[in-house]
Amino acid sequence: MSEAVPVLDDLRRESEELDQLVEGLGDQEWALPTPAAGWTLAHQIAHLAWTDRAALIAVTDGDAFGRLVEEALAAPESFVDDGADEGAALPPGELLTRWREGREGLLKALTAAPRGTRFPWYGPPMSATSMATARLMETWAHGQDVADALGVARVPTDRLRHVAHIGVRARDFSFGVRGLNAPVVTFRVELVLPSGESWVSGPDDAEQRVTGDALDFCLLVTQRAHRDDLALRAEGPDAEQWLGIAQAFAGPPGAGRPAKGSGR
């Protein structure tokens, strides 16, 4: 039995909540633009379906996943958009079925994964727990794009702790992907979850600190909102710099979202 069972349960719930947002939509709504430039609502779900399928292949067939990596290396600037475009072109019902089947297959495969197993990925190999946490982060982030497109205000949950965890773990990557040296000291991050409970990372006596609301931190590290629109506090120059460049996702630096009232 996989050690990832708790986060897998949260991943299932996160996926089901997003599914409820899209299951009854008409064709015109699937074509709505989202805050991600060039991506419709269908692109958002198609991307999740594409990535779930890639993750399932990584967990179940390492050789086949190696071929997916070769395809990505052959088109590094476009393979993500190409996958989203392909899925978005499907009839909505077929796309929804593909997403549901893929995510359920991945959940079963990760649940059955032996403890300690690591799977290949587009970056470093991942444990079942890390794979599930990454899928939850992406499901939540792209679900935010869907909600924004539909004008829906989602009720945040304590599942945000998984997104916050990846955001903190990706700190050094956020610096490195921009050609910057990552700070050598560990930061203290103190966040308030929707339940009112605290989520904490890092030593209590750290000089570099980030404090605030967990939802705001997760919106920041997934680049779903501009820092100027979020109530986060940084103490120390390194922590201040991090909040300007943080990203929880792999790949090149994202453009992020403009601040409200910026006119863009």
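The preceding data block contains the structure.
Values in this document were obtained by computation on a predicted structure and should not be read as measured data.

**Some details on the overall build of the protein chain**
Of regular secondary structure, the protein chain possesses eleven helices and six strands. In terms of overall dimensions, the protein chain is globule-like: its C-alpha atoms have a radius of gyration of 18 Å, near the 18 Å expected for 264 residues. Seen along its three principal axes, the alpha-carbon backbone of the protein chain occupies a region of about 50 × 45 × 40 Å. Taking all 264 residues of the protein chain together, 47% fall into the buried category. Excluding contacts between residues fewer than 6 apart, the proportion of contacts in the protein chain whose partners are at least 24 apart in sequence is 66%. On the protein chain, roughly 12900 Å² of surface is accessible, and the fraction owed to carbon and sulfur atoms is 51%. The average position of the 25 basic charges and that of the 40 acidic charges among the side chains of the protein chain differ by 3 Å.

**A look at the packing of helix H3 (residues 41-60) against helix H6 (residues 92-112)**
Running from N to C, H3 and H6 point in directions that differ by 30°, and their axes come no closer than 8 Å. By crossing handedness, the relation of H3 to H6 is classed as left-handed. Counting all contacts with H3, which are made through Ala42, Ile45, Ala46, Leu48, Ala49, Asp52, Ala55, Leu56, Val59 and Thr60, the residues of H6 involved are Leu95, Arg98, Trp99, Gly102, Arg103, Gly105, Leu106, Ala109 and Leu110. Across the contact of H3 with H6, the residue classes break down as 13 nonpolar, three polar and three charged.

**A few points about the sheet that holds strand S6 (residues 232-235)**
As summarised here, the arrangement of the four strands in space is S4-S3-S5-S6, forming an open sheet in which the pairing is mixed. The open sheet has two edge strands, strand S4 (198-201) and S6, and neither has a second partner. Recorded for the sheet is a direction-independent mean angle of 10° between the axes of neighbouring strands. Sheet topology places strand S5 (residues 209-213) next to S6; four bridges connect them, and they run antiparallel. For Val210, the partnering residue across the bridge sits in S6 and is Ala234.

Cut-offs and rules
- Residues numbered from 1 in each chain as written.
- Predicted model: local features only at pLDDT ≥ 70, side-chain atom pairs only at ≥ 80, totals over all residues.
- Heavy atoms only, no water.
- Helix = DSSP H or I, 4+ residues; strand = E, 2+ residues; numbered from the N terminus.
- Rg over C-alpha atoms; globule rule 2.2 N^0.38 Å.
- Buried < 20%, exposed > 50% of the residue type's maximum accessible area, 1.4 Å probe, protein only.
- Contact = heavy atoms within 4.5 Å.
- Areas by Shrake-Rupley, 256 points an atom, 1.4 Å probe, with all protein chains shown as cover.
- Lys, Arg positive; Asp, Glu negative; His and termini not counted.
- Charge placed at Lys NZ, Arg CZ, Asp CG, Glu CD.
- Axes fitted to C-alpha atoms, helices over the stretch in contact; angles between N-to-C directions.
- Left-handed = near helix turned anticlockwise from the far one by under 90°.
- Nonpolar A, V, L, I, M, F, W, Y, C, P; charged D, E, K, R; others polar.
- Pairing = 2+ DSSP bridges.

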